[in-house]
Amino acid sequence: MRTGVLGGTFNPIHFGHLRPAEEVRQALGLGQVRFVPLALPAHKDNGDVAPAEDRLEMVRLALEGYPEFICDAIEIERGGVSYTVDTLAALAEGECRGQEIFFIIGADAFSLLNTWREPLKLLKMVNFAVTLRGEQRAEGVREAVEGGLKEIGLTAAFTEIRDNSFQLIESDKVIEFVSVNTLDISATRIREIVRSGGGLHNLLPPSVEAFIIRRDLYGGAV
Ligand code: ATP
């Protein structure tokens, strides 16, 4: 079975996460997609981040009724900062043993692979499903990744095996680029709307909206 893994702060989860995940699932024939909320976002201001248990609960609520979408608490249960390379190794040896893992990531984040911990190990360990939005093109992203890695003295060479599909040379792992529909939704905007007392209809599932109100998240009640 092919399994997708989508990490994120999910602060909160919204349709901009759910819809592209479904499009990637269909495009690559993934049997399941595991949503993995991060315990602590490495590159973000932690001030506005809801408690891990709340973000986890919102992911659980959002995924109800989608049998192929699984809420995975692996990073939150471990606590502290988790490196993607460690999380994926744990999944590959544990829950996802014997499955073909596709790590789902936006092209912007993938272009910065050189800033990640052990990027080459990561590339050799799992497949990547890189989402392209708007004008983004696979070739440009691939060049950015190769260039970024070169800057830190690492070499990764890819060969094109199909349109939008690359293989890392000397490995059996692939990078599949998938064009997804862009939904103009971000968690940042959702938090702003809550702060200003606006409504969240059609930005995220109603169960998540109700949870945000019930738990008074993101300063909505102030
Ligand atoms: P914030 O606004 O707080 O940065 P976010 O929703 O952009 O939050 P995450 O929750 O960390 O960020 O996102 C997890 C993954 O979902 C990332 O790979 C991100 O690129 C992707 N993502 C987020 N919003 C969208 C969207 N509207 N369309 C497609 N992908 C998205």
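Heads up: the structure comes first, above all this text.
First things first, this report covers the structure right here in the doc. Sequence order as written defines the numbering, with residues in each chain counted from 1. Confidence filtering applies because this is a predicted model: local features only for residues at pLDDT of at least 70, side-chain atom pairs given and counted only at 80 or more, and all residues used for totals across whole chains, interfaces and linings. For side-chain calculations, the full set of non-hydrogen atoms in the structure is used, while hydrogens and water are omitted.

### A few points about the pairing of strand 5 (residues 127-132)
(1) Moving on: For the exposure calls, accessible area comes from a 1.4 Å probe over protein chains only, and a residue counts as buried if that area is under 20% of its type's maximum, exposed if over 50%, partly exposed in between. By the criteria applied, helices consist of DSSP H or I runs no shorter than four residues and strands consist of E runs no shorter than two, each listed in order from the N terminus. Counting buried positions along strand 5 gives six out of six residues, so the element sits mostly inside the fold.
(2) Moving on: Judged by which residues are buried, strand 5 turns out to be covered on both faces: N127, A129 and T131 on one side and F128, V130 and L132 on the other are all buried.
(3) Moving on: Bridge analysis of strand 4 (residues 100-106) against strand 5 gives five bridges, and the strand direction is parallel. Within strand 5, the residue paired with F102 across the bridge is N127.
(4) Moving on: For two strands to be treated as a pair, DSSP must find no fewer than two bridges joining them. As judged from the five bridges shared by strand 5 and strand 8 (residues 174-179), these two strands associate in the parallel manner. Counterpart to L132 in the pairing with strand 8 is S179.

### So, unusual backbone geometry
(1) Moving on: In the segment running from N11 into P12, the intervening peptide bond is cis, with an omega of 0°.
(2) Moving on: Its place among the elements puts P12 in the loop between strand 1 (2-8) and helix 1 (15-28).
(3) Moving on: Of note, E170 is a non-glycine position whose phi angle comes to about 65°, a positive value.
(4) Moving on: We note that D216 has phi near 60°; this positive angle belongs to a residue other than glycine.
(5) Moving on: Counting through the fold element by element, D216 comes out in the segment after helix 9 (206-215).

### Side note on the environment of G98
(1) Moving on: Following the sequence through the fold, G98 ends up in the loop between helix 4 (84-93) and strand 4.
(2) Moving on: The class for G98 is exposed, based on a relative accessible area of 75%.
(3) Moving on: The spatial distance from the C-alpha of G98 to the C-alpha of L122 is 17 Å, given a sequence separation of 24 residues.

### Overview of the packing of aromatic side chains
(1) Moving on: Planes of paired rings set the category: under 30 degrees apart is stacked, over 60 is edge-to-face and the rest tilted, where pairs are Phe, Tyr or Trp rings (Trp by its six-membered ring) whose centres lie within 6.5 Å. All told, the structure shown has eight aromatic pairs when counted by the stated rule.
(2) Moving on: Between the aromatic rings of F10 and F35, the centroid separation amounts to 5.9 Å while the plane-to-plane angle is 40°, which identifies the pairing as tilted. With F10 in the loop between strand 1 and helix 1 and F35 in strand 2 (residues 32-37), this pair connects stretches of sequence that are 25 residues apart. No difference in accessibility class separates F10 from F35, as the two residues are buried.
(3) Moving on: Centre to centre, the rings of F166 and F177 are 5.6 Å apart; their planes meet at 85°, and the pair counts as edge-to-face. Residue F166 is located in strand 7 (residues 165-168), and its partner F177 is located in strand 8; the two are separated by 11 residues in the primary sequence.

### Focus on a nonpolar patch on the surface
(1) Moving on: Only residues above 30% relative accessible area that lack a salt bridge enter a patch, with like-charged residues linked at up to 9 Å and the nonpolar side chains Val, Leu, Ile, Met, Phe, Trp and Tyr linked at up to 5 Å. Where accessible areas are quoted, they stem from the Shrake-Rupley method and a 1.4 Å probe; at the residue level, only the protein chains shown are allowed to cover. Think of a salt bridge as a Lys or Arg side-chain nitrogen and an Asp or Glu carboxyl oxygen that are within 4 Å of each other. Judged by side-chain polarity, L40, V81 and Y83 come together as a nonpolar surface patch covering roughly 260 Å² of accessible area.
(2) Moving on: Within the secondary structure layout, L40 lies in the loop between strand 2 and helix 2 (52-63).
(3) Moving on: Residue classification places L40 among the partly exposed positions, given a relative accessible area of 40%.

### Focus: the pattern of salt bridges
(1) Moving on: Inspection of every chain in the model, using the stated rule, returns 13 salt bridges.
(2) Moving on: In this structure, E176 and R162 form a salt bridge, with 3.1 Å as the shortest nitrogen-oxygen distance. Of this pair, E176 sits in strand 8 while R162 is found in strand 6 (residues 158-162), placing the two residues 14 residues apart along the sequence.
(3) Moving on: Accessibility expressed as a relative area gives 9% for E176, which makes it buried.
(4) Moving on: The network of salt bridges with common partners includes R34, D72 and E95.

### Here we look at helix 7 (residues 138-151)
(1) Moving on: Every helix has an expected span of 1.5 Å times one less than the residues it contains. Look at helix 7: 20 Å from first C-alpha to last across 14 residues, which is about the 20 Å you get at 1.5 Å a residue.
(2) Moving on: Considered for burial, the residues of helix 7 that qualify are A138, V141, R142, V145, G148 and L149. Seen from one end, helix 7 has its buried residues packed into an arc of 130°, which puts them on one side. In helix 7, the exposed positions angled more than 90 degrees off the buried face are occupied by K150 and E151.
(3) Moving on: Here a residue-residue contact requires only that any non-hydrogen atoms of the pair lie within 4.5 Å. Looking at the buried positions of helix 7, the neighbouring elements they touch are helix 5 (107-111), helix 6 (119-125), strand 5, strand 6, strand 7 and strand 8.
(4) Moving on: Immediately downstream of helix 7, the backbone of G153 shows phi near 80°, a positive value. What the arc measures is the spread of directions leading from the helix axis to the C-beta atoms.

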